[in-house]
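# Residue-level structure breakdown
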Amino acid sequence: MIAFDKEALVKSLTVDLPMILEENERLTKNVSIDDITSLALLLQQANRIFVIGAGRTGLMMKAAAMRLMHLGLNVHVVGETTTPAILKGDLLLAASGSGTTSSIVKAAEKAHAAGATIAALSTTTESPLAGIAQFVLVIPAAQKQDFHGTISRQYAGSLFEQSVLIVTDALFQAMWKLSDAPPEEVWKLHANME
């Protein structure tokens, strides 16, 4: 087990927490609002929405799926046992910082073959995922192997993962506000078997 000196830990947290917030603030200023708007319209037009991501990005995508479900959208998480087949008219929302994660690229290929629309959240438009996707929302964060902190001082793909959550929460917030659905109505769709 790693042992930490409490004073050193406090000193590090005093620097690191503001740094993480500053990186996210800087990144959100560089994400295209027009592209987020375009993504919202794609989500609105889809018969059903399927989300996919791997690792921590996958957890962020599950959080996004939950919020979209709260809006009354028909949402599924790829890989869950109850997820149906994707079809023409559906949308796959795939997140991969590098755009090279093999399981996500394979899912996008299958969705494309089924006639579904593919929208990607990624750090790049130059990747196998971006090549398949009809739409790419670029999140200008570091990829997971940016070990020398050229874009982010955080470990691996942390900034991308955090930004996926922030961007999808902002997307939800805007869509919810424009829906005029009172919070009490949205809450009725919240899980009640916790």
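Up top is the structure these notes are about.
Residues numbered from 1 in each chain as written. Predicted model: local features only at pLDDT ≥ 70, side-chain atom pairs only at ≥ 80, totals over all residues. Heavy atoms only, no water.

## A closer look at the overall build of the protein
Here is the rule: Strands here mean DSSP runs of E at least two residues long; helices mean DSSP runs of H or I at least four residues long; both are numbered from the N terminus. We compute the radius of gyration from the C-alpha atoms alone; for a globule the expected value is 2.2 Å times N to the 0.38, where N is the number of residues. Any pair of residues with heavy atoms lying within 4.5 Å of one another is described as a contacting pair. Per-residue and other accessible areas were derived by the Shrake-Rupley procedure at a 1.4 Å probe size, with only the shown protein chains allowed to occlude residues.
When its secondary structure is counted, the protein shows seven helices and five strands. Taken over the C-alpha trace, the protein has a radius of gyration of 18 Å; the compact-globule value for 194 residues is 16 Å, and the two agree within 12%. Across its three principal axes, the protein shows a C-alpha extent of roughly 55 × 40 × 35 Å. Sequence separation of 24 or more characterises 70% of the internal contacts of the protein that already satisfy a separation of 6 or more. Carbon together with sulfur atoms contributes 59% to the accessible area of the protein, which is approximately 11,400 Å² in total.

## Observations regarding the packing of aromatic side chains
Stated formally: Each pair of aromatic rings taken from Phe, Tyr and Trp, with Trp reduced to its six-membered ring, is defined by centres within 6.5 Å and is described as stacked if the planes are under 30 degrees apart, edge-to-face if over 60, and tilted in the remaining cases. Buried, partly exposed and exposed residues are distinguished by accessible area as a fraction of the type maximum, computed with a 1.4 Å probe on protein chains only: under 20%, between the cut-offs, and over 50%, respectively. Any Lys NZ or Arg CZ found within 6 Å of a ring centre and within 35 degrees of that ring's normal is scored as a charge over the ring.
Under the counting rule described, the total for this entry stands at one aromatic pair. Summarising the aromatic geometry, the rings of F172 and W176 are spaced 6.2 Å apart at their centres and angled 5 degrees between planes, so their arrangement reads as stacked. Residue F172 and its partner W176 are located together in helix α6 (residues 158-179), separated by four residues, close to a single helical turn. In this structure F172 comes out as buried when scored by relative accessible area, which is 9%. The residue whose ring lies beneath R67 is F172, and the NZ or CZ to ring-centre distance is 5.8 Å.

## Quick word on the side chain of S127
The test is simple: Contacts described as polar in this section are N or O atom pairs within 3.5 Å, which, within protein, must combine one atom able to donate a hydrogen with one able to accept it, while residues neighboring in sequence count only if both atoms come from side chains.
Counting through the fold element by element, S127 comes out in the loop between β4 (117-122) and α5 (128-132). On the accessibility criterion, S127 (12% relative accessible area) is buried. Within the structure, S127 has its side chain in polar contact with the backbone nitrogen of A130 (distance 3.1 Å). Setting aside residues no more than four positions away along its own chain, S127 makes contact with S98 and G99.

## A few points about the pattern of salt bridges
Rules: Any Lys or Arg side-chain nitrogen found within 4 Å of a carboxyl oxygen on Asp or Glu counts as a salt bridge.
Enumeration over the complete set of coordinates arrives at six salt bridges. We note a salt bridge from R48 to D90, for which the minimum N-O separation is 2.6 Å. One end of the pair, R48, is in the loop between α2 (33-45) and β1 (49-52); the other, D90, is in the loop between β2 (75-77) and β3 (91-95), and 42 residues separate them in sequence. Judged by relative accessible area, which is 15%, R48 ranks as buried. A relative accessible area of 2% means that D90 is categorised as buried. We note a salt bridge from E185 to K188, for which the minimum N-O separation is 2.9 Å. A residue is classified by how much of its surface remains accessible, and E185, at 40% relative accessible area, is partly exposed. Overall, K188 belongs to the exposed group, its relative accessible area being 61%.

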